[in-house]
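# Overview (structure and organization)
Each chain is listed here by its residues.
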Amino acid sequence: MSMKTLQRNFYGWLLVLPFVITLVVFFVFALIRTVKYSFTDYDLFSEANFVGINNYINLLTDELFLRATINTISFSLVVTIIQTMLALGLAVLLNSRIKAKSFFRTAFYVPSILSSASVTLIFIWIYQKNGFLNGFISQLSELSSYFVLGLFSLAVVQLVQIAHQRFIGLPTKFFDPLLALISMITTIIVIIIVSKLGLLETTTVKVAVNWLGSRDDFGPMPVTLWAITIQNIYTTVPTIMLLFLAGLQTIPHDLYEAADIDGANKWQQLFHITIPQLAPVTFVVITLGIIGTLQMFDQVALLGTSSPLESRITLAYYVYYQAFSDSGTPNIGASSAAALILGIITLCIVFLQNKFGVKEKS
Amino acid sequence: MNKIKSFTHWLLLGLILFSSTSMADKKLINIAGWGGNDVVAVNKLLTTVIKSELDELNIEVRYFPVESDYGRYILNSLSAGNAPDAFYVNVDLIDSWVSTGQLKAFSDSFAANAQRMNPVLLDAFTVDNQLFGVPKDVNSLALQFNIDVFKDAKTPVPDENDTWLTLREKLVSVVEAIGDEGVLGTCLSADFAHFSPFALSTGWRPFNEEGKTVLDDNFKRAFNFYVSLVHDGLAIIPADIGQNWPGGCFGTENFAVVMEGQWLSGYLVDKSPNLLYQSTLIPADPKTGERGNMLFTVGWAINNNTANASDVEKVIALLTSDKAQRAILAAGLALPSSNTIVLPAAAEDSPSEQMAQTILTASTLDNVIPYKFGRYGKNWQTPIDVALTAAMLKQLTIEQALSEAQRKYDEMIMISTNKQQGEQ
């Protein structure tokens, strides 16, 4: 090895040394300690006694741990899928030729710069039994007869207009904007008349869904975790949207022009050009999404006593809950075992995603 | 010019040497507790009330307030070996923390001197006949009622003669009279701490003689009553109106009664300064005629690894002395744990003083136990909390909720017993 190569290697190592030290101290050393403690009954103070795989066996028989595992995996899959699709949709919309594009980009990104604590407090308020969400649904339910009438009127007026246009020989699309505007104005007038004449009755509906205090399940997750899902998607979609937007800028415009010439419509362009071309970004987004959601902690912890533990617990929170138990005695052994299981689950899901899910190359 | 410069240098050096010498002479004791009101309370003691005594002992005390997650801070610092010499310990954590070997027992002479304090509190901080904590204050629950609400509803206010049933009748009367104006009966928290006065007044105890938790018929009777208040539209839970605790509900001025401790008075001064309220004892069980309650307290404990155990004891003795507790009481920050302190008669126009009197009376009644659950800590109350939530929200029937809670207690106690046997 020449002197020059040696010198270059030396500077290379020198530059990565801070990162290597950080990695060794805060990851490798911590990982080794965690593995060691997971086989002991360590409680921060007493001698760590070797207990074999007892901690792991206890975890597998602990209802709370099993609940946390199911909650975590369900949460991760649901959030990752929804947030990726939503972010892609928003990015495609914002990448199209719309007015005030910069305003919408900024407005959509705002939720991402809010702190988790603030967003959680806002959502606790929204989810209260007499909060915004239940109030909004109650209002919608009370006015449901007007909505039905409105939709019916809109469809009828639009159909009549389309029929008239085609009758006089004009090729008109069903969603023609001008006709839609006329239909909407007509519908509003119909609703006002019906309302003034008192022809439709509104029923008082009091929706009182217990979003945060409920122990009920809805599908694969407790209702409370669905509430956290909505909150989490609200805060993460904007960042992912930006990643997709950056990806969209790199797709050559020639591809769309060629597709246009070949007669491909917008949906065909989306599925055959945009999505395949965004594969590297989608791969990153999904991988980071899975890792991030499997480690969900802050929004669960911030909900505090607003909801029962079993209806909101995730594996990351379970690790904390064992380490700083309400019993006052830290259960570091069980906490370490749970942390390792969380790590293994994360690796497995990311591996499965890489193997069978979205690939880095289209 | 050079002379002035040189003089200034020597003067500065002299000052530094003087201050460092005087600092070195004094023994430094570090103590830790909560943030919030306690910062004012403890620093007031250190800088004025017990300052002369500390100077005589040649001790300097530094208070480290911990604003949040206090328990985690102490556990981390104890395990890292840099914990303060003395710190607060919640009564519900005393058994667990003693079992970790991190607390030092107070000397026999200190323990003998502490006998002037509430015996239930002292007993709560005593493990294996050794005193590990000195209660700095005391609190329990009382029934607070909104005078205007009862006046508007033309209903007699709650009093010390009330039982569960007569209180219920009064709440029904209030809700029937002015319920349509948005006034509600009460706000009940789905947790054992708030529910405990009812359960304890029946004669039920968290642990039977065998150390097991049995949710017997007495417990079920109390549970039924508490939950029925919600089911019958006389009570709501705090989350229903976006509050975290019943006191928050009471602060909206739309509730007839609430059951809280002395901590409510400070909150109401800020939140609802014009609210006219008074306090009375929590009603008795109509069957036994008894009242129940829990004592909530925090004590000073000594770090087992402190190098100045005897000095720390002296500091704690001063911090919990009658003189110090009188000063804290006068500032309205806490109620004294010492039985030798007699509260002055409450002023008629001071709901806070009247509440203090009621709470101190409640803390000396029969069926009063400390808020602690042995080696289980606060984890013990989780099955009851869950059962209360499920029953109040009608997610489970009362029978199902209690059966589920009993199953969890049997499991919890079996796991703990097996663990103990394994350790032996």
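Each remark here, short or long, concerns the structure printed above.
Residues numbered from 1 in each chain as written. Chains lettered and ligands numbered in written order. Predicted model: local features only at pLDDT ≥ 70, side-chain atom pairs only at ≥ 80, totals over all residues. Heavy atoms only, no water.

Phi is positive for A:Leu44, close to 85°, though the residue is something other than glycine. Of note, A:Leu44 is situated in the loop between α1 (3-37) and α2 (54-61). Backbone geometry places B:Asp128, a non-glycine residue, at a positive phi of 50°. With respect to the element layout, B:Asp128 can be found in the loop between β5 (126-127) and β6 (130-131). (Helix = DSSP H or I, 4+ residues; strand = E, 2+ residues; numbered from the N terminus.)

All names here are of chain A. Of all the positions in helix α6 (residues 132-142), only Leu-133, Asn-134 and Ser-138 are classed as buried. Projection of α6 onto a plane perpendicular to its axis shows the buried side chains occupying an angular sector of 135°, all on one side. On the buried face of α6, the contacting elements are α5 (116-127). (Buried < 20%, exposed > 50% of the residue type's maximum accessible area, 1.4 Å probe, protein only. Arc of directions from axis to C-beta. Contact = heavy atoms within 4.5 Å.)

What follows concerns the sheet that holds strand β10 (residues 235-236) of chain B. All names here are of chain B. Taken in spatial order, the 5 strands of this open sheet run β10-β9-β11-β8-β12, and their pairing is mixed. What marks the edges here is a single partner per strand, and that holds for β10 and β12 (277-280). Sheet analysis places strand β8 (residues 142-146) next to β12, joined by 4 bridges and oriented antiparallel. The residue of β12 that forms the bridge with Asn-146 is Tyr-277. Each of β8, β11 (255-260) and β12 is contacted by helix α13 (residues 263-271), which is oriented at about 135° to β11, the strand it contacts most. (Pairing = 2+ DSSP bridges. Axes fitted to C-alpha atoms, helices over the stretch in contact; angles between N-to-C directions.)

Following the criterion strictly, the structure yields 47 aromatic pairs over all chains and no others. Measuring from ring centre to ring centre gives 6.4 Å for A:Trp125 and A:Phe132, while their planes differ by 20°; the resulting arrangement is stacked. Residue classification places A:Phe132 among the partly exposed positions, given a relative accessible area of 47%. Note on B:Phe207 and B:Tyr376: the rings are 5.8 Å apart at their centroids and 20° apart in plane angle, and the pair reads as stacked. Here the residue B:Phe207 occupies a position in the loop between α10 (192-201) and α11 (217-231), and B:Tyr376 occupies one in the loop between β15 (368-370) and α17 (382-392), the gap between them amounting to 169 residues. It is B:Arg72 that lies over the ring of A:Phe324; its NZ or CZ is 5.9 Å from the centre. (Phe/Tyr/Trp six-rings, centres within 6.5 Å; stacked < 30°, edge-to-face > 60°. Lys NZ or Arg CZ within 6 Å of the ring centre and 35° of its normal.)

Residue and element names in this part refer to chain B. Tracing the backbone shows Thr-382 in helix α17. On the basis of relative accessible area, Thr-382 is assigned to the partly exposed category, the value being 28%. Separated by 18 residues in sequence, Thr-382 and Gln-400 have C-alpha atoms that sit 16 Å apart. From its side chain, Thr-382 meets the backbone oxygen of Asn-379 in a polar contact 3.1 Å long. (Polar contact = N/O pair within 3.5 Å; in protein donor to acceptor, adjacent residues only side chain to side chain.)

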